[in-house]
Amino acid sequence: MEGELLLKDSGRQQSHAVEESGSFNKMPEPVKKTAFAKKPKTQEAEEGSAVVFEAETEKSDAKVKWQRNGRDLASSDKYAITAGGNKHSLTVKDVTQEDADVYAVIAGGSKVKFELKVLSKEIPCQREAPSEACVDAPGKPSVSQVPPLATSTQDDSTAPVHVAPPSEDGHPPDTRQDLTGLFTEKPQSGEVTVGGNITFVAKVNAESLLKKPTIKWFKGKWMDLASKSGKHLQLKESYDRNTKVYTFEMLILEAKANFSGAYRCEVLSKDKFDSCNFQLTVHEACAAEGFDIRAAFRRTSDADTKRSGPSASSTDGREDSGELDFSTLLRKRAVQISSEPEVDVWDILSHAPASEYEKIAFQHGITDLRGMLKRLKKMKKEEKKSAAFLKKLDPAYQVTKGHKIKLAVEVANADVDVKWQKNGQEIQPTGSKYIFESVGNMRYLTINHCSLADDAAYCCVVGEEKCTTELFVKEPPVQIVKNLEDQMVMKGERVEFECEVSEEGANVKWEKDGVELTRDESFKYRFKKDGCKHVLIINEASKEDCGHYKVKTNGGDSMAELMVQEKELEVYQSIADLTVKAKDQAVFKCEVSDENVRGTWYKNGVDVKPNARINITHIGRIHKLTIDNVKPEDEGDYTFVPDGYAFNLSAKLNFLEVKIDYVPRQDPPKIHLDCMGHTAESTIVVVAGNKLRLDVPITGDPAPTVVWTKGGKVITEGDGRVHVETTKGHCIFTIEGAERQDEGMYSVVVRNSAGEDTADINVKVVDVPDPPQAPRVLSVGEDSCIVQWDPPLFDGGQPIIGYVLERKKKKSYRWMRLNFDPYTETTYEAKRMIEGVEYEMRVYAVNSIGMSCHSPASQPFVPVAPTSEPTGLCVDDISDTSITLKWRAPERIGSAELEGYGVEYCKEGTDEWVPAIQGLTERTSLVIRELTTGDKVQFRVRAFNMAGPSAPATLAQPVTIREIMQRPKIWLPRNLRQTLIKKVGDTVNLVIPFQGKPRPQVTWSKDGQPLNSTLASVRNSDTDTILFIRKSERKHSGTYDLLVQIENVEDTAKVMLQVVDVPGHPEALKVMDVWGFNVALDWKPPKDDGNCELTGYRIQKADKKTMEWFTVFDQYRRTNCVVSDLIMGNEYVFRVFTINLVGHSPEPCQTKDGVYIQKTGMDYKSPTYKEPDFSEAPKFTHPLVNRSVIAGYNATLSCSVRGIPKPKVTWYKNKMDITNEAKYRMLSKQGVLTLEIRKPCPFDGGVYMCKAVNDSGEDVVECKLEVRPQIAKEEKK
């Protein structure tokens, strides 16, 4: 122990990091092992025999589960399951063809698949001998001899005589499709001989479905077999209520050679979809010599791999893509069996339309359609010219989903009618989906808002001829609207990756490190779909889940990284350094927070193995290493490493060797230290919070006394953290949980009667740094920001090696780490943020000891980008000292609100831009005043938001500040160009705009006299004048003249105002005669007509008994009338009202005396008259007049006609009947005919004719209408 200083503390693992490498020690991560020591293998068995599958697990207590086709198996009469220790077995008894399937054994998280193949006792006809004729027994379909084949997921061969080669680990590959969708049993590929029958079965579990699923069977790419049911194809379905399983079957009867190929089965239920591909191979019973053009262009199938090599058949339902197999043409056949007459496929194709090629190829077994069409092009073919079509439809069209498409054909006869068909069914013109147009010889079919249902064959039919095309509807790619975000979680936590796509119900694919993720039995991964949102859920994340996760659509992808950290393991008691003597016991003990954590003990880096002297125990949270009968070779550094955690606990075992030397009785005290003083080598470094133990060897006889001091002050054990202990040969100074104030120079003084000795020990306490100051956001961008912070005030005694930054959304509680390696600078640019979302930032400081607490969060900020520049900047007005600018808002504003606009100007010859106003303006126009006349000035406008100013919008050239002379011009509104009629008491408000610069002088006059201010009020502005009468009277009627004048230039306008009132009552109403039941009345017009034309009179009568008034005539134009149908014996009085546009007179004119209707005693016999013939042929009493109108304003054409009976009137334009045209409105009142044309355009000009017809004859009148285009304001100037 001489010359050696022992510095012991409980945090040895951290002090090592300070003294040696300055970084944390990383322990290797454990390697995950498989749960099986021996795996079951694929076996073959004959029918009726038994087969045993065996498996061995690594652990004897492992739970094992056996499955068949994804369903758990239990012991029964069919299956025997045994388990003994780590050996497990599955026995299948009495094997039948139904037992041929894919099996699996599961232990923990490991799953091994294997296959049982059942061999028939009867050996079927082998295909290895093609030269021999293989003839089936009559009445027995050949498909019964061929077992079903497993569908390969990696283009494996489907030949029944081939077995997939085993993989490298000795186990056969799993060639069965995993049941991850709706199918519980998928249809398997199969083989059949010509004339035989075969059945394909698909099963769907309906427990999780809300309604019955829809299933479709396809051959090739898109040929739906539902319409092909008949003699050779039958589709069946059934439902088991107990198991809730739908069974769908496709039966192929009397198979033909052309039935071979790729098939596909699709099942759909609401938003769930699944599909499966399978192959059908039809073998020829025998072959004959001769040339078959269909066989020449039939590609090799998977079943012919022994003859023609590996196939490249597609598993997604596409056409076969192998090479042409002409070798079959050279083989000799023994017998030729032909069940159908020979057909010339070339002749069929040459006369068929292009849309029928695929159908013909399917019917005749031609799968190499492309090769055959190349040959067909080379053949000379005379096209028969169509008599009905001048231009036919193209062979195919393509349109994007949601768009519209127009199909056009040109027919030979312009008057012929065409019919449009879709998939053979006539299209009816209902709604706005289909629009039919006929323009000359062209016929158009427009399909709006195309959907997948519109993907079909369309046909245009003219008589017996037709032309056909195919319409392909292309779905737009699904875009990812919201990307995935990187995540960092602790081990065992739940992880959710969420994204949002552009289309609801779209299918997405999830990948991890390039490998597609699927649902498994352990439910490790779960996929959730909610409208446009898709979520990947990972339960209980582990270290193996770290990696890059990607979501893919057909329009893009998004990637995010997942980091899983181990949970921090807390150390409750660390191991301490020991000094023991020979044959003593040394015990290292530590306590951690997790009692399930195991660990390994090391001595000088080598595993410690238990033996008779060394014992390793683990009880709860306490780990012990006990060494009995300590020997000198036991001395060294001992380390405990917890499994799965990247740190260790270390301590040193010192062997104390007892030396018996002759010592004089008086020995002065001596401190045995190798390092003393203030040098760097003599400084003792301890991490804050750990134990500081200074073990100083001393000698002296008699035993010396020890005194510890710091800064001249004696240290005592008054503080509970400080312990001073003196033993024989040692003085020990211990501080529990070292703190910063414990740093300094310590002195130890030993004294005895023989003398004293002194030693100084420098102690430095290091710690993690203080947190940095709150970060400051210097600037923001569209998806980024630049943040800056100040270093911490205290670096913990060790230099700062970098910083770690985190960010979070303002409304979120989860902080996301931005860097995992310390960042050395104090300015950082954070990227990949979402524009418009509020964020916060915080910073950690890192030194060699560890990471500080986080800093206070920064002020919330929003990543935004400046707007685009304002648009349409122009000069609206200019004077000698001011200018008016106007502009439009920016095209792109972004997520931040627009704060306003900044306007600046710069005089020509300078570079200084001067703000036109203080601050910002929210308007899109501005008047800039106090400018110097004659200066050339450039102007610019910038839009401001939270991110700052946008790019400036600048005028094309500088503007000279000088007022421009403009002639005065009055823009009289259209409604004031004719007499303005107002009722007495109405308000008159005439607003008449004008122009002129400088500001013109405005003068009003009435009837040639200056306007009296008491008669009307006038208010003028720079651009208009207003004449206002609050309450109009009759005296306000007249002609108002407006004069706008600038110096000697002027413009005038006239406004005629007519104020009308109700008329006065008629004059001198008297009874002129009374006879029988009739009374003749006469009166004179009123003296006051109310300042407008009278429209008629209202005549009323009343019985004197009741005095109830009844209207006899209304709107009566004459001043005399005869009132008939009066009642004999009654006395009547009469009155008359005057009516004009305003209403009727307030008072009537009434007869003074009553009129009595006398009773007569004689019988009246009415004379008989010959019924006169009043019929009259139509005759126009007022013809149509040629007119010239301005486009855009309603126009009317009027005429009058008479005729008995009332004639039928029809209007024509250019001899075309316009009765049902919505643009025209026909009116007829009292023989006056009016045609109103709504907002005519130049195309509405022409010859208009009105025709009146009745039984007596007809009459016609016509006129010409000219529609002039509007004249722009600039042209008027």
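Here the structure is a predicted model, which is why all the values come from computation and not from measurement.

Here is what the cut-offs are and how they apply
Residues numbered from 1 in each chain as written. Predicted model: local features only at pLDDT ≥ 70, side-chain atom pairs only at ≥ 80, totals over all residues. Heavy atoms only, no water. Helix = DSSP H or I, 4+ residues; strand = E, 2+ residues; numbered from the N terminus. Buried < 20%, exposed > 50% of the residue type's maximum accessible area, 1.4 Å probe, protein only. Contact = heavy atoms within 4.5 Å. Areas by Shrake-Rupley, 256 points an atom, 1.4 Å probe, with all protein chains shown as cover. Phe/Tyr/Trp six-rings, centres within 6.5 Å; stacked < 30°, edge-to-face > 60°. Lys NZ or Arg CZ within 6 Å of the ring centre and 35° of its normal. Pairing = 2+ DSSP bridges. Axes fitted to C-alpha atoms, helices over the stretch in contact; angles between N-to-C directions. pLDDT = per-residue confidence, 0-100. Salt bridge = Lys/Arg side-chain N within 4 Å of Asp/Glu carboxyl O.

Helix and strand counts for the protein chain stand at seven helices and 96 strands. Counting across all 1277 residues of the protein chain, residues that qualify as buried make up 39%. A separation threshold of at least 6 residues defines the contact pool for the protein chain, and within that pool the share at least 24 residues apart is 64%. Counting only carbon and sulfur atoms, one obtains 48% of the accessible surface of the protein chain, whose full area is about 73,200 Å².

Our focus in this paragraph is the packing of aromatic side chains. For the structure on display, the rule yields 23 aromatic pairs. Pairwise contacts between aromatic rings join Phe53, Trp66, Tyr103 and Phe114 into one cluster. Positioned above the aromatic ring of Tyr263 is the side chain of Lys219, whose terminal nitrogen or guanidinium carbon lies 5.7 Å from the ring centre. A cation over an aromatic ring shows up here: Lys969 above the ring of Trp971, its NZ or CZ 5.8 Å from the ring centre.

Our focus in this paragraph is the environment of Arg967. By the element assignment, Arg967 lies in strand β71 (residues 966-970). Considering only alpha carbons, one finds Arg967 and Ile1046, 79 residues apart in sequence, at a separation of 7.5 Å.

Attention now moves to the sheet that holds strand β38 (residues 571-573). Strand order in the open sheet formed by four strands is β38-β40-β44-β43, with antiparallel pairing between adjacent strands. Both outer strands of the open sheet, β38 and β43 (614-619), are each paired with one neighbouring strand and no more. If you compare each strand with its neighbour and ignore which way they point, the axes differ by 20° on average. Two strands pair when backbone bridges link them, and β43 and strand β44 (residues 622-627) are joined in this way by six bridges, in the antiparallel orientation. Along β44, the bridge assignment pairs His618 with His623.

The next subject is the sheet that holds strand β4 (residues 51-57). One open sheet holds the four strands; their spatial order is β2-β4-β8-β7, and the pairing between them is antiparallel. Sheet topology places β2 (36-38) and β7 (79-84) at the edges, where each strand pairs with a single neighbour. Averaged over all neighbouring strand pairs, the angle between strand axes comes to 25°, with direction disregarded. Bridge count for β2 against β4 is two bridges, and the pairing is antiparallel. Note that in β4 the partner of Phe36 across the bridge is Thr57.

Should the pLDDT be low somewhere, the predicted coordinates at that spot are not to be read in detail. In this model, the protein chain carries an average pLDDT of 80, and 83% of its residues clear a pLDDT of 70 or more. Taken together, the stretch residues 123-180 has pLDDT below 50 and engages in 103 contacts with residues farther than four places along the chain or on a different chain.

Next up on the list: the environment of Glu908. By the secondary structure assignment, Glu908 is in the loop between β64 (900-907) and β65 (914-915). Looking at Glu908, the relative accessible area reads 52%, which means it is exposed. For the pair Glu908 and Gln938, spaced 30 residues apart in the sequence, the C-alpha separation amounts to 6.9 Å. Sequence-distant contacts of Glu908, that is, excluding residues within four places in its chain, are made with Lys936 and Pro958.

To continue, consider the pattern of salt bridges. For the coordinates displayed, the defined rule picks out 44 salt bridges. Ionic pairing is found between Glu437 and Lys406, a salt bridge with its closest N-O pair at 3.5 Å. Of this pair, Glu437 sits in strand β25 (residues 434-439) while Lys406 sits in strand β22 (residues 405-411), and the two are 31 residues apart along the sequence. Lys406 sits in the partly exposed class, given a relative accessible area of 45%. A salt bridge links Glu756 to Arg751; its shortest N-O distance comes to 2.6 Å. According to the relative accessible area criterion, Glu756 is partly exposed, its value standing at 48%. Each of Arg68, Lys78, Asp99 and Asp101 takes part in salt bridges that share partners, so that together they form one network.

Where strand β14 (residues 214-219) meets strand β18 (residues 261-269), six bridges bridge the pair, whose relative direction is antiparallel. Residue pairing across strands places Phe218 opposite Arg264, the latter belonging to β18. Note that β14 and strand β15 (residues 223-224) share two bridges and pair antiparallel. Residue pairing across strands places Lys219 opposite Met223, the latter belonging to β15.

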